[in-house]
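# Observations on the three-dimensional arrangement
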Amino acid sequence: MIPHLFYYQLVILGLLWLCVMLHLTWPSRAAMSPQKPVEPEPIKPKRKHSIESKPFEGLPQKPPCALCAHEAAHPTPSSPVRPAPIPPTNGRPREVETSRHFCPHPHCDYRGWLGLGNLRANGHPNGGPWRQFHCTACKGSFPEHHGTLFHGKRVSVDRIVHVIGCLAEGLGIRGTARVFEVAPNTVLQWLVEAAEQLQAFSRYVLHDVRVRQGQLDELCALLSAVKAREVSAAEAIERLERSPQWVWVAMDPERKRLLAIDVGNRTLAMAQRVVHQVVQVLAPDCVPLLLTDGVRESLTALLTPYGHWLQPPRRQATGPAPKPRWLPLPQLRYAQVVKTVRRRRLVRVSHRVVFGTLEAVEQVLAACGWHINTAFVERLNLNLRQHVAAIGRRVTTLCKHEAGIRQQLALYQVYYNFCLPLACLRQPLPQPVLTNGTGSAKQWRPCTPAMAAGLTDRVWTLREVLLFRVPPWPPPAGV
Ligand SMILES: [Zn+2]
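Being a predicted model, the structure only gives us computed values, none of them experimental. (Residues numbered from 1 in each chain as written. Predicted model: local features only at pLDDT ≥ 70, side-chain atom pairs only at ≥ 80, totals over all residues. Heavy atoms only, no water.)

## A look at the nonpolar core
Spelled out, the test is: Among buried residues, those of type Ala, Val, Leu, Ile, Met, Phe, Trp, Tyr and Cys that are joined through side-chain atoms within 4.5 Å constitute a nonpolar core. Note on classification: 1.4 Å probe, protein chains only; a residue is buried when its accessible area is under 20% of the maximum for its type, exposed when over 50%, partly exposed between these limits. Here a strand is any run of E in DSSP of at least two residues, a helix any run of H or I of at least four, and the numbering for each starts at the N terminus.
Core analysis: the largest hydrophobic core is formed by 36 residues, its most contacted members being Ile164, Phe201, Leu411, Phe418 and Leu466. Among the secondary structure elements, those contributing two or more residues to this core are helix H4 (157-168), helix H5 (173-180), helix H6 (184-205), helix H14 (405-419) and helix H16 (462-467). It is H6 that contributes the most residues to this core, 8 residues altogether. In this structure, Leu216, Trp248, Ala250 and Leu329 belong to the second largest nonpolar core, which totals 32 residues.

## Examining the pairing of strand S10 (residues 333-342)
Cut-off, in case you're wondering: Pairing between two strands requires that DSSP report at least two bridges joining them.
Sheet topology places strand S7 (residues 289-293) next to S10; 5 bridges connect them, and they run parallel. Bridge pairing in S10 places Asp293 opposite Val337. Pairing geometry for S10 and strand S11 (residues 345-355), over 9 bridges, is antiparallel. By the bridge assignment for S11, Thr340 is matched with Arg348. Remark: 2 residues form the turn of the hairpin made by S10 and S11, two consecutive strands paired antiparallel; Arg343 in that turn has positive phi of roughly 50 degrees.

## Concerning unusual backbone geometry
At Asp208, a position not held by glycine, the phi torsion is positive, near 50 degrees. Mapped onto the secondary structure, Asp208 falls in the loop between H6 and strand S4 (213-220). Relative accessible area serves as the criterion here: at 47%, Asp208 is assigned to the partly exposed category. Notably, Lys256 is not glycine yet its phi reads approximately 60 degrees, a positive angle.

## A few points about a nonpolar patch on the surface
Just so we agree on the cut-off: Patch members must show over 30% relative accessible area and no salt bridge, and they are joined within 9 Å when carrying like charges or within 5 Å when they are nonpolar side chains of Val, Leu, Ile, Met, Phe, Trp or Tyr. The protein chains shown are the only cover counted for residues, whose accessible areas, like all others here, come from Shrake-Rupley with a 1.4 Å probe. A pair is scored as a salt bridge if a Lys or Arg side-chain nitrogen falls within 4 Å of a carboxyl oxygen belonging to Asp or Glu.
Together, Val11, Leu15, Trp17, Leu18, Val20, Met21, Leu22 and Leu24 make up a nonpolar patch on the protein surface, roughly 800 Å² of accessible area in all. By the element assignment, Leu24 lies in helix H1 (residues 4-32).

Keep in mind these numbers describe shape, not what the thing actually does.
If you want it as structure tokens, here you go:
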């Protein structure tokens, strides 16, 4: 039998070994921890340190963008020559407005052109709800809802508009289907068709936009669910890795326009996709001040459209010349808002000017009395959560019904830009307008982001947007 003393010795030896090991590992940890007072460093202004990072050295190659490559491979056909307007005849003046319509027939020279006087209204065939138009150039006719979501559907216009309106206001696909007693697949089908039409509408209306600033942010629905304690963090992250559910939003904070919105992973390819969409909306020579959060991908993605080749100067007289580097355009100003979160709490917000100088960035922001921030796009994210059911705070909606998220975002983009008046954009009326009832006089004119940007002069209804026939090519300049 082994005596107890042996065990005591073993325990003491073990404790000694533990002490020695702790002693060996402790100093290295202490050296890493910032709390240990080392030598009194000269006090530096902390904010300045976080703002001024070391200069960007450039990239050895231009970061490739998948959408740019696709466009280079499949160039969009340029619009054909605009035919001459047809002069009005001497007959009875036309009563029906045809300037918003165009001939859709593929072989007609006047196809897609607005306001050329080639259309005549033919009345309502068989007493139906839709008016018919006749093209005097090709002798063809077409109904006034040709090319819209309503063409070829027997369901009433009101019903489709109400279903799409419900989706735009934030009810989910299944919820909307229950309210209107239609199949969820029907709702999804209408949403897909509406989204396609609305994307074309956005492309037609939002182009050559001039902005001074742009804010870019990504949001994730699952993270908000964690905040609401609906799922555990581990579960959320596990789902996050499986499903690409980052919604990327780019906006103009001054006029509150939603420039681009997309859903996908948090990767470089996705950042490039969003930046590509923003650049397509902007005028070719417009390089706005851009503000994002501290994601590395945004930086590289911005360099694709806003970069150029530059030959670095020689450092030595002999040897091969240094290779050219891909560097940001000199007029590009880009800053990041870096947020440090610990235990779900925001502990620090720092700013980093990446391209351009701090003075140049602050000069742009000073026009609005602002500092470096991404607050406006974050506020927009809150709106987005209320209006797009799939990325709201209900995780079950998100995980089960991924179908249609991109379509719902496309719907929201048009709804937000054209149909929703924003309180912060309202304009005072020159004189108060009396209301019909007993209420106080109206003092403000409601204003949407599209109105603030001068794209339109009224608040559009969803019905008007959905009935808008998008011409296949943009109007010629000056018409
Ligand atoms: Zn025609």
